[in-house]
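Observations on the model geometry
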Amino acid sequence: MAEEIKKEAPANFKVTIDNITIEVAPGTTILNAARQIGGDVTPPAMCYYSKLQGSGGKCRTCMVEVAAGSAADPRPMPKLVASCRTNVMDGMVVKNITSEKVLDARAGVVEFLLINHPLDCPICDQAGECHLQDLSYQHGKEGTRYEFKRRTFEKEDIGPYIQLHMTRCILCYRCTYVADQLTDKRVHGILDRGDHAEISTYISKAIDNDFSGNMIDVCPVGALTDKTFRFKNRVWFTKPVDAHRACDKCCGKVTLWQRGDDVLRVTARKDEWGEVQSYEGKPGWICNTCRFDKKHSNDWIIEGPTNISRHSVISQGHYIGLQKPRETIAEVMGGREPKLLMDIHGISDVNSVDISLLPGPATSKTFEKKE
Ligand code: SF4
Ligand code: FES
């Protein structure tokens, strides 16, 4: 019987999201269907991470309105649904940015996320690449109605390389999935419930597994930061370049965040959704050796500038296709370089006076031509 239904089912489901219709495979979630369309039609996702099994369904930022459930049953769904956890049906009609209800609910979700999250972006290492910062600019309100004391936590070192700033955590669970799915033994998780819920290590054990650094990459906010990079630089002043090395533990494909020739930080390469890129169908997680121990550009084979496709302030530091203004000083000054124009200690080109030997400041008289 099940086989019969499978045979009759269409090979592709048609779904319309914000008036754009596409065909996707059965079993695709609304969020992933929207990602296939791309751009503003795609709902934001603070907890879903396609490379982590079981992620999603925690933050509610991806909620959408289903205006028609399917071609067979076109009734609307009574409530907004989490697009990361709801599969498309053939003939489904979804509203994201075209729905007032969605925009209103999303503003409410952002307000809730910010109830306890500190607005410390000016000192937070994640500023410039923080998904919550982007979300607040796109969907947040100007003020808060919250009058109570925000919950605060002491900063905690999770192993030698990672610092947890629990005050900033939005409990998306991504880091615990990394620990569960990438490391041998998970020693950290979410302890307690409700307002007391917090990420912590079991009896303060350090996380020293080779892949623990990936928690930093999946954290959508500045709760888990790289201790080797903390406060070293603002991310938009750094230059991301793609690089690789032969590594026997991981794919060895990374982004180096450079300032001049110094490598300030090493991360996995991210796609336009802020998730690690996949190579040959496998997520490109990187090991701690590549991330924390290879901080010299000659440890790496540089491939070229990283294309920052995600909407981010980092992409404001354009350096691909950079157009420098035409330098005309040397042309109009007979080949003299600009710095020489300021070289007041040199010999004047006009009348060969040695300016450094003048008893006082040079005046226009100094440069009068001798007859
Ligand atoms: S520490 Fe970061 S990744 Fe972990 S649950 Fe909190 S916000 Fe999510
Ligand atoms: S991304 Fe769907 S609930 Fe968080």
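Residues numbered from 1 in each chain as written. Chains lettered and ligands numbered in written order. Predicted model: local features only at pLDDT ≥ 70, side-chain atom pairs only at ≥ 80, totals over all residues. Heavy atoms only, no water.

**Re the overall build of the protein**
Of regular secondary structure, the protein possesses nine helices and 16 strands. Across the 371 residues of the protein, 47% fall into the buried class. The long-range share in the protein, meaning contacts at least 24 apart out of those at least 6 apart in sequence, stands at 61%. (Helix = DSSP H or I, 4+ residues; strand = E, 2+ residues; numbered from the N terminus. Buried < 20%, exposed > 50% of the residue type's maximum accessible area, 1.4 Å probe, protein only. Contact = heavy atoms within 4.5 Å.)

**Some points on the pattern of salt bridges**
What the rule picks out here adds up to 13 salt bridges. One salt bridge connects Arg-168 with Asp-120, and the closest N-O pair in it is separated by 3.0 Å. Remark: Asp-120 occurs in the loop between α3 (100-116) and α4 (131-139) and Arg-168 occurs in the loop between β7 (162-164) and α5 (174-182); sequence separation between them is 48 residues. Like Arg-168, the residue Asp-120 is buried in the burial classification. Between Asp-157 and Lys-227 there is a salt bridge whose closest N-O contact spans 3.3 Å. Of this pair, Asp-157 sits in strand β6 (residues 156-158) while Lys-227 sits in the loop between β10 (224-226) and β11 (239-244), and the two are 70 residues apart along the sequence. (Salt bridge = Lys/Arg side-chain N within 4 Å of Asp/Glu carboxyl O.)

**What to know about empty space enclosed by the protein**
Scanning the entire structure with this criterion turns up one cavity of 30 Å³ or more. The volume enclosed by the largest cavity comes to roughly 90 Å³. What lines the largest cavity is a set of 14 residues, among which Cys-169, Cys-172, Cys-175, Ile-199 and Cys-219 lie closest to the centre. Residues of the lining of the largest cavity, tallied by class, amount to 13 nonpolar, no polar and one charged. (1 Å grid on protein atoms, 1.4 Å probe; cavity = no way out; pocket = protein on both sides within 12 Å on 5 of 7 lines; lining within 4 Å. Points joined across faces, edges and corners; volume = space filled by probe spheres on them. Nonpolar A, V, L, I, M, F, W, Y, C, P; charged D, E, K, R; others polar.)

**Thoughts on the nonpolar core**
Judged by nonpolar contacts, the single largest core of 53 residues is most densely connected at Leu-132, Val-221, Leu-224, Leu-256 and Trp-285. A per-element tally of this core places α5 first, with five residues. If near-sequence neighbours (up to four positions away) are discounted, Leu-256 is found in contact with Lys-239, Pro-240, Val-241, Ala-243, Val-263, Arg-265, Val-266, Trp-300 and Ile-302. Grouped together as the second largest cluster of nonpolar side chains are 15 residues, Ile-30, Val-81, Met-92 and Val-94 included. (Core = buried A, V, L, I, M, F, W, Y, C linked by side-chain atoms within 4.5 Å.)

**A closer look at the pairing of strand β1 (residues 13-17)**
Where burial is concerned, most of β1 is hidden: four out of the five residues are buried. Direction of pairing for β1 relative to strand β2 (residues 20-24): antiparallel, over a ladder of five bridges. Residue pairing in the sheet places Lys-14 in a bridge with Glu-23 of β2. Here β1 folds back onto β2, and the loop between the two strands holds two residues, one of which, Asp-18, carries a positive phi near 45°. Sheet analysis places β1 next to strand β5 (residues 92-95), joined by three bridges and oriented parallel. If you follow Ile-17 over to β5, its bridge partner there is Val-94. (Pairing = 2+ DSSP bridges.)

**Comments concerning helix α2 (residues 30-37)**
Those residues of α2 not exposed but buried are Ile-30, Leu-31, Ala-33, Ala-34 and Arg-35. For α2, the elements touching its buried residues are β1, β2, β3 (63-68), β4 (81-82) and β5. Phi turns positive one or two residues past the end of α2, at Gly-38, with a value near 85°.

**Quick word on the pairing of β11**
In the sheet, β11 pairs with strand β12 (residues 253-259) via six bridges, with the strands oriented antiparallel. Paired with His-244 across the two strands is Lys-253, which belongs to β12. Two strands pair when backbone bridges link them, and β11 and strand β16 (residues 301-305) are joined in this way by four bridges, in the antiparallel orientation. Counted as the bridge partner of Asp-242 is Gly-304 from β16.

**Examining the side chain of Thr-42**
Positionally, Thr-42 belongs in the loop between α2 and β3. On the basis of relative accessible area, Thr-42 is assigned to the buried category, the value being 10%. A distance of 3.2 Å separates a polar side-chain atom of Thr-42 from the backbone oxygen of Ala-34. For Thr-42, the residues in contact, after removing those within four places along its chain, are Leu-31, Ala-34, Arg-35, Asn-96 and Trp-273. (Polar contact = N/O pair within 3.5 Å; in protein donor to acceptor, adjacent residues only side chain to side chain.)

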